[in-house]
Amino acid sequence: MLKQYETVFILNPVLSETQVKDAVDKFRAVLTNGGAELVNEEQWGLRKLAYPIQHKTTGFYILFEYLAPTNLINTLEVEFRRDETVMRFLTVALDKHGIEFNQRRKKGDFNKKDKEVKEEQA
Amino acid sequence: MTLQNEPIQRNENRKKYCRFKRHGIKYIDYKDANFLLKFVNEQGKLLPSRITGTSEKFQKKVATAVKRARHLALLPYVTDSLK
């Protein structure tokens, strides 16, 4: 049964552009081979970390949102742990509110629910 | 010059409300750091619901979202001057 998941992971900033691309392709391949269907993919690029991880103050953030069979998550996370260029990763199962929220965000309502309220009030 | 018997801080005693119920927000996004900043004090610690007025159900969602954001280094665990 396919459930919707969302994974954010941080890559080491010292990687070159091509290495980053290879890493992303590698994880995307793990997903697609495992029978997952990629819904959305975002690269937030180099961002400042709130606290140093592995003595690095910046990191390359990548977001995957996908529909996957439940047993694929374990293999994906083993892959993350094995790859030392990945500094941190977080996989989250999305409930219906989460899915609906992401669709609105991707659609570019850019309201992110609360900002819209703020804009109305402002 | 405020009147003698008029309470000075008008907004101190306004009725606190749960912003999630009021605006119908159903999902709290852990990736949206600057929204979560509203629920964290200067040291980066979670504000109690008696201060923010959020209901218990959404306070738990905020707590998990903040902890996830901290894990992803979007929010600090502890800091001295967050805002």
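All values reported here derive from a predicted model rather than from experimental measurement. (Residues numbered from 1 in each chain as written. Chains lettered and ligands numbered in written order. Predicted model: local features only at pLDDT ≥ 70, side-chain atom pairs only at ≥ 80, totals over all residues. Heavy atoms only, no water.)

**Examining helix H1 (residues 17–33) of chain A**
Residue and element names in this part refer to chain A.
Okay, step 1: Here H1 contains 17 residues, and its C-alpha end-to-end distance of 24 Å stays within 8% of the 24 Å for a straight helix at 1.5 Å per residue.
Okay, step 2: Among the residues of H1, those classed as buried are Val20, Ala23, Val24, Phe27, Val30 and Leu31. Down the axis of H1, the buried set is contained in an arc of 115°. They therefore lie on one face. Of the residues in H1, the exposed ones pointing more than 90 degrees away from the buried face are Glu17, Thr18, Lys21 and Asn33.
Okay, step 3: Close packing links the buried residues of H1 with strand E1 (2–11), strand E2 (37–53), strand E3 (56–69), helix H2 (72–82) and strand E4 (86–93). (Helix = DSSP H or I, 4+ residues; strand = E, 2+ residues; numbered from the N terminus. Expected span 1.5 Å × (residues − 1). Buried < 20%, exposed > 50% of the residue type's maximum accessible area, 1.4 Å probe, protein only. Arc of directions from axis to C-beta. Contact = heavy atoms within 4.5 Å.)

**As for the environment of Lys16 of chain B**
Residues and elements named next belong to chain B.
Okay, step 1: Considering the arrangement of structural elements, one finds Lys16 in the segment before helix H1 (19–23).
Okay, step 2: Judged by its relative accessible area of 40%, Lys16 is partly exposed.
Okay, step 3: Sequence separation of Lys16 and Ala65 is 49 residues, and the distance between their C-alpha atoms is 22 Å.
Okay, step 4: In this structure Lys16 touches Arg50, Ile51, Thr52 and Gly53, once residues within four positions along its chain are discounted.

**Considering the interface of chain B and chain A**
Okay, step 1: Counting residues at the interface gives 21 residues for chain B and 30 residues for chain A.
Okay, step 2: Both faces combined, the contact of chain B with chain A buries some 2,100 Å², and carbon together with sulfur accounts for 66% of it.
Okay, step 3: Among the residues of chain B in contact with chain A, Tyr27, Lys31 and Leu72 of chain B are the three that bury the most area, contributing 30% of the side total.
Okay, step 4: Counting across the chain B and chain A interface gives one salt bridge.
Okay, step 5: The partner of Glu6 of chain A in a salt bridge is Lys31 of chain B, with the nearest N and O atoms 2.9 Å apart.
Okay, step 6: At the junction of chain B and chain A, the tally comes to eight residue pairs in polar contact (both at pLDDT 80 or more).
Okay, step 7: Residue contributions to the side of chain B that touches chain A peak at three residues, all from helix H4 (residues 56–71) of chain B.
Okay, step 8: Here the side of chain B that touches chain A is composed, by residue class, of ten nonpolar, three polar and eight charged. (Buried area = accessible area lost by both parts, 1.4 Å probe. Salt bridge = Lys/Arg side-chain N within 4 Å of Asp/Glu carboxyl O. Polar contact = N/O pair within 3.5 Å; in protein donor to acceptor, adjacent residues only side chain to side chain. Nonpolar A, V, L, I, M, F, W, Y, C, P; charged D, E, K, R; others polar.)

**Quick word on the packing of aromatic side chains**
Okay, step 1: All chains considered together, the criterion is met by 13 aromatic pairs over all chains.
Okay, step 2: Relative to Phe58 of chain B, the ring of Phe20 of chain B lies with its centre 5.2 Å away and its plane at 20°, an arrangement referred to as stacked. Taken as a pair, Phe20 of chain B in helix H1 and Phe58 of chain B in helix H4 lie far apart in primary sequence, 38 residues in all. As far as the burial class goes, Phe20 of chain B and Phe58 of chain B line up, both buried.
Okay, step 3: A connected cluster of aromatic rings, assembled from ring pairs, spans Phe9, Phe27, Phe64, Phe80 and Phe89 of chain A.
Okay, step 4: Here Arg22 of chain B stacks its cationic end above the ring of Tyr17 of chain B, 4.0 Å away from the centre of that ring.
Okay, step 5: The residue whose ring lies beneath Lys31 of chain B is Tyr30 of chain B, and the NZ or CZ to ring-centre distance is 4.9 Å. (Phe/Tyr/Trp six-rings, centres within 6.5 Å; stacked < 30°, edge-to-face > 60°. Lys NZ or Arg CZ within 6 Å of the ring centre and 35° of its normal.)

**Focus: the confidence of the model for chain A**
Residue and element names in this part refer to chain A.
Okay, step 1: Of all residues in chain A, 89% have pLDDT values of 70 or greater, and the mean over the chain is 86.
Okay, step 2: Confidence scores differ between elements of chain A, with helix H4 (residues 114–121) showing the lowest mean pLDDT of 46 and E4 the highest of 94.
Okay, step 3: Under a pLDDT of 50 for its full length, residues 116–122 has, in the predicted model, six contacts with residues more than four places off or in other chains. (pLDDT = per-residue confidence, 0-100.)

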